[in-house]
Each structure stands twice: as C-alpha cells, then as structure tokens.
Amino acid sequence: MTVAFSSSGQFVASGGLDNAATIFKLPPKGGPAVISKPLTVLNQHEGYLSCCRFIGDDTLVTSSGDSTLLMWDIASGHAKRRFDGHHADVMSLSICPSNPATFVSGSCDTSARLWDSRIQNPCVMTYLGHEADVNSVRFMADGQAFVTVSLPC
C-alpha cells in the first residue's frame, strides 16, 4: 500500500496489509539490481500500513489502520514514539521539508493533525472541515503550509 525512499537513496521501505514496514538496503549504482533479503522488518502496528516516510536514513514514520502513527529507529528495529489522537484509520502522512521533527497526518476521522515529535504532547493542532475521510496530505515545498484531500460527500 505504501513505499518510500530515503533521501540518500540508500534505502527503500514498503508496507501494507501485513501490518509491517519492510526496509531494504539498495545496491550501489552500477551494482547488481538484486535485493535478496530485508535489512529489517518493523512490526508493532495492529492494522495495515497506509503510509511511510523517511526522516534521513535512520528514522521512519508510519501511519496505520490502527489509528496511530509510529516513529521508528531503523537500526534497532524499535518504535521510538507512538502518536495517538486520531479516532479512525490514518491514511497518509507528510514530513515537513523545513523541519523534519514536524509532520502532518490525515485520517478517516475527517481530520488532519499537525505533530511535533520534539514535545511531550506532540499533537500541535487538529484541522477539521472535511466531511469525509482525509485520504492524503502533503506539505508544500517551503514547509509553510500543507494540503489535504478528501472525497466530496
């Protein structure tokens, strides 16, 4: 259901109905284009993975049908932080390009939420207004605004 490349291009993550994020180290350019086994599999969600996004090469953020988001330490394979607040499947997330500690999520609870992973209560703001699932969210290139997408009622 989702795939993401790290900014260095060294890693790719994928996830879906198996409730896990699978991380692969990509072969160097010019090398054989065969990936034999995953670097790691991140298992802690209780629902499908709808979206995943890298922060550098060492951190991955995932959203899930279990209504949560997780921030992962890829090297250890453990979740560093859990983000609760949505009341239905979290369908999408986007990392702020100007501040990677900040990201936005969109959910079937018809809301988008802005998160800051540096603070104790990480949900900075809840955005309401859609009447149906928020299926996708995306930060603008300058990181100063984001867009949400929903189906009409």
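Residues numbered from 1 in each chain as written. Predicted model: local features only at pLDDT ≥ 70, side-chain atom pairs only at ≥ 80, totals over all residues. Heavy atoms only, no water.

Considerations on the sheet that holds strand β5 (residues 49–55)
Part 1: Spatially, the four strands line up as an open sheet ordered β5-β6-β7-β8, and their pairing is antiparallel. Looking at which strands have only one partner, the edges of the open sheet turn out to be β5 and β8 (78–83). Ignoring strand direction, the axes of neighbouring strands in this sheet form an average angle of 25°.
Part 2: Relative to β8, strand β7 (residues 69–73) is paired through five bridges, and the arrangement is antiparallel. Looking at the pairing, L70 lines up with R82 of β8. (Pairing = 2+ DSSP bridges. Helix = DSSP H or I, 4+ residues; strand = E, 2+ residues; numbered from the N terminus. Axes fitted to C-alpha atoms, helices over the stretch in contact; angles between N-to-C directions.)

Quick notes on the pattern of salt bridges
Part 1: All chains considered together, the criterion is met by two salt bridges.
Part 2: Here R82 and D84 are joined by a salt bridge, their closest N and O atoms 3.0 Å apart.
Part 3: Residue R82 is classed as partly exposed on the basis of its relative accessible area, which comes to 45%.
Part 4: For D116, the salt bridge identified is with R118, shortest N-O distance 2.7 Å.
Part 5: The class of D116 is buried, set by a relative accessible area of 10%.
Part 6: Exposure remark for R118: the relative accessible area of 56% places this residue in the exposed category. (Salt bridge = Lys/Arg side-chain N within 4 Å of Asp/Glu carboxyl O. Buried < 20%, exposed > 50% of the residue type's maximum accessible area, 1.4 Å probe, protein only.)

Some words on the packing of aromatic side chains
Part 1: Taken as a whole and judged by the stated rule, the model has five aromatic pairs.
Part 2: When the centroid spacing of 5.0 Å and the interplanar angle of 85° are considered together, the rings of F83 and F103 count as edge-to-face. On the criterion of sequence distance, the pair formed by F83 in strand β8 and F103 in strand β10 (residues 102–107) is long-range, its members being 20 residues apart. Across this residue pair, the class does not change: F83 and F103 are buried.
Part 3: Taken together, the ring pairs connect F83, F103 and W115 into an aromatic cluster. (Phe/Tyr/Trp six-rings, centres within 6.5 Å; stacked < 30°, edge-to-face > 60°.)

Description of the environment of L114
Part 1: Mapping L114 onto the fold places it in strand β11 (residues 112–116).
Part 2: Between the C-alpha atoms of L114 and T126, which are 12 residues apart in sequence, the distance is 6.5 Å.
Part 3: If near-sequence neighbours (up to four positions away) are discounted, L114 is found in contact with T102, F103, V104, P122, C123, V124, M125, Y127 and F139. (Contact = heavy atoms within 4.5 Å.)

Digging into the nonpolar core
Part 1: A13, I23, L42, F54 and L60 are the most contacted members of the largest nonpolar core, which totals 13 residues.
Part 2: Broken down by element, this core gets its largest block of residues, three residues, from β5.
Part 3: Not counting the four nearest positions on each side in its chain, I23 is found in contact with F11, V12, A13, P38, L39, T40, L42, F54, L60 and I74.
Part 4: With 11 residues, the next largest nonpolar core counts I55, M71, V90 and F103 among its residues. (Core = buried A, V, L, I, M, F, W, Y, C linked by side-chain atoms within 4.5 Å.)

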